[in-house]
Amino acid sequence: MSSAAPKGENCLVDMDSKAGDLFSAENAHPTGTGGTGMLAKLWLPKGLSASVAKEWFDRRRLSVRPWASFVDQRKFSKPRNFGEMCQRVVKNVEVYNSNYTFIFLGLILYCIISSPMLLIALAVFAGAFYIIHLKSLESKLVLLGKELTVPHQMSLAGLVSLPVFWLAGAGAAVFWVFGATLFVIGSHAAFRQLEGSDLDELLMEPV
């Protein structure tokens, strides 16, 4: 009997085309039809597509300043006065905004991973929103005489999952993330010395 398996050159797979299909979710549909990439099956509403998220992430990643310089202890010092501290904060936030963004995202990820209940609450919210949105695709959802748009659907999903978030202590987690973010970023921005080019730019600014 002859084997039906392809041989020789027919066995070669175009890995580049497969990798390129990963984020091709332009025609994605919740039923799994349409779209050619793996993420196409993970359908998202318009404006929340995987391609938009990937583009934003790539832009941020490319604008990140070197982390070795970011944490170089030799470039930290106590500001001489309040005015210098304000100058440092404003300029460092402008220069290291992408680094600070990833620190913020890292703190959020740490908070979620360290809290199993919060993970469950997020899963409930995502599931509720997905089910509501699927229902809206089958037939228009109307509440109090108004059609539910995507933001309204997200709000409804949040209302449904609110008890789970309350049990998970989501409010305390949010305050912790923002508090930790302000402390870490504020401390770095205030004590990180400005580079020579930054000082020249500040001196050239009109008073």
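Source: prediction; values computed, not measured.

S.K.: Outline the confidence of the model for the chain, supporting the account with residue identities and numerical values.
M.R.: This prediction gives the chain a mean pLDDT of 73; 65% of its residues lie at or above 70. Averaged over each element, pLDDT in the chain is lowest for helix H1 (residues 15-20) (44) and highest for helix H4 (residues 82-95) (92). In this model, residues 5-47 is a region of pLDDT below 50 whose contacts with residues beyond four sequence positions or in other chains number 42 contacts.

S.K.: Residue-level account of a nonpolar patch on the surface, with values.
M.R.: A cluster of nonpolar residues, Met117, Ile120, Val124, Trp166 and Leu167, forms a patch on the protein surface that exposes about 540 Å² of accessible area. Listing elements by their share of the nonpolar patch, those giving two or more residues are helix H6 (116-138) and helix H7 (150-168). Take the nonpolar patch: its biggest share by element is three residues, from H6. As for its placement among the helices and strands, Val124 is situated in helix H6. For Val124, a relative accessible area of 32% corresponds to the partly exposed category.

S.K.: Let's hear about the packing of helix H5 (residues 97-113) against helix H8 (residues 170-191): which residues, and what values?
M.R.: Direction vectors running N to C along H5 and H8 enclose 150°, while the axes themselves pass 10 Å from each other. Compared by their axis directions, H5 and H8 come out roughly antiparallel. Viewed along their axes, H5 and H8 form a crossing whose handedness is right-handed. Residue-level contacts link Tyr100, Ile103, Phe104, Leu107, Ile108, Tyr110 and Cys111 of H5 to Ala173, Trp176, Val177, Phe178, Ala180, Thr181, Val184, Ile185, His188 and Ala189 of H8. Of the residues that constitute the contact of H5 with H8, the class distribution is 15 nonpolar, two polar and no charged.

S.K.: Quick rundown of the pattern of salt bridges? Include the residues and the values.
M.R.: Enumeration according to the criterion identifies six salt bridges in this entry. Residue Glu84 pairs with Arg80 through a salt bridge whose shortest N-O separation is 3.0 Å. Assessed through its relative accessible area of 74%, Arg80 is described here as exposed. Here the salt bridges do not stand alone but share partners, grouping Arg80, Glu84 and Arg88 into one network.

S.K.: Mind laying out the environment of Cys111, listing which residues take part and the relevant values?
M.R.: Relative to the assigned elements, Cys111 resides in helix H5. Taking the relative accessible area as the measure of exposure, Cys111 reaches 9% and is therefore buried. Considering only alpha carbons, one finds Cys111 and Ala173, 62 residues apart in sequence, at a separation of 6.8 Å. Each residue touching Cys111, except ones within four places of it in the same chain, is listed here: Leu118, Ala173, Trp176 and Val177.

S.K.: Before we move on, can you summarise the UniProt feature "transmembrane region" (unreviewed entry) in the chain with the specific residues and values?
M.R.: Per the UniProt annotation, the sites labelled "transmembrane region" (unreviewed entry) are residues 102-132 and 164-185. Structurally, residues 102-132 is divided into 94% helix and 0% strand, and its ends, taken at the C-alpha atoms, are 31 Å apart. A distance of 31 Å separates the end C-alpha atoms of residues 164-185, which is 95% helix and 0% strand.

S.K.: Summarise the side chain of Arg192; cite the residues concerned and give the values.
M.R.: On the secondary structure map, Arg192 appears in the loop between H8 and helix H9 (196-204). Taking relative accessible area as the criterion, Arg192 reaches 1% and is therefore assigned buried. Apart from the residues lying within four places of it in its own chain, the contact partners of Arg192 are Ser69, Phe70, Lys75, Phe76, Arg88, Asn92 and Tyr96.

About the cut-offs
Residues numbered from 1 in each chain as written. Predicted model: local features only at pLDDT ≥ 70, side-chain atom pairs only at ≥ 80, totals over all residues. Heavy atoms only, no water. pLDDT = per-residue confidence, 0-100. Helix = DSSP H or I, 4+ residues; strand = E, 2+ residues; numbered from the N terminus. Contact = heavy atoms within 4.5 Å. Patch = residues over 30% accessible without salt bridge, like charges linked within 9 Å, V, L, I, M, F, W, Y side chains within 5 Å. Areas by Shrake-Rupley, 256 points an atom, 1.4 Å probe, with all protein chains shown as cover. Salt bridge = Lys/Arg side-chain N within 4 Å of Asp/Glu carboxyl O. Buried < 20%, exposed > 50% of the residue type's maximum accessible area, 1.4 Å probe, protein only. Axes fitted to C-alpha atoms, helices over the stretch in contact; angles between N-to-C directions. Parallel < 35°, antiparallel > 145°, perpendicular 65-115°, else oblique. Left-handed = near helix turned anticlockwise from the far one by under 90°. Nonpolar A, V, L, I, M, F, W, Y, C, P; charged D, E, K, R; others polar. UniProt positions renumbered as here; feature names shortened; annotations may be inferred.

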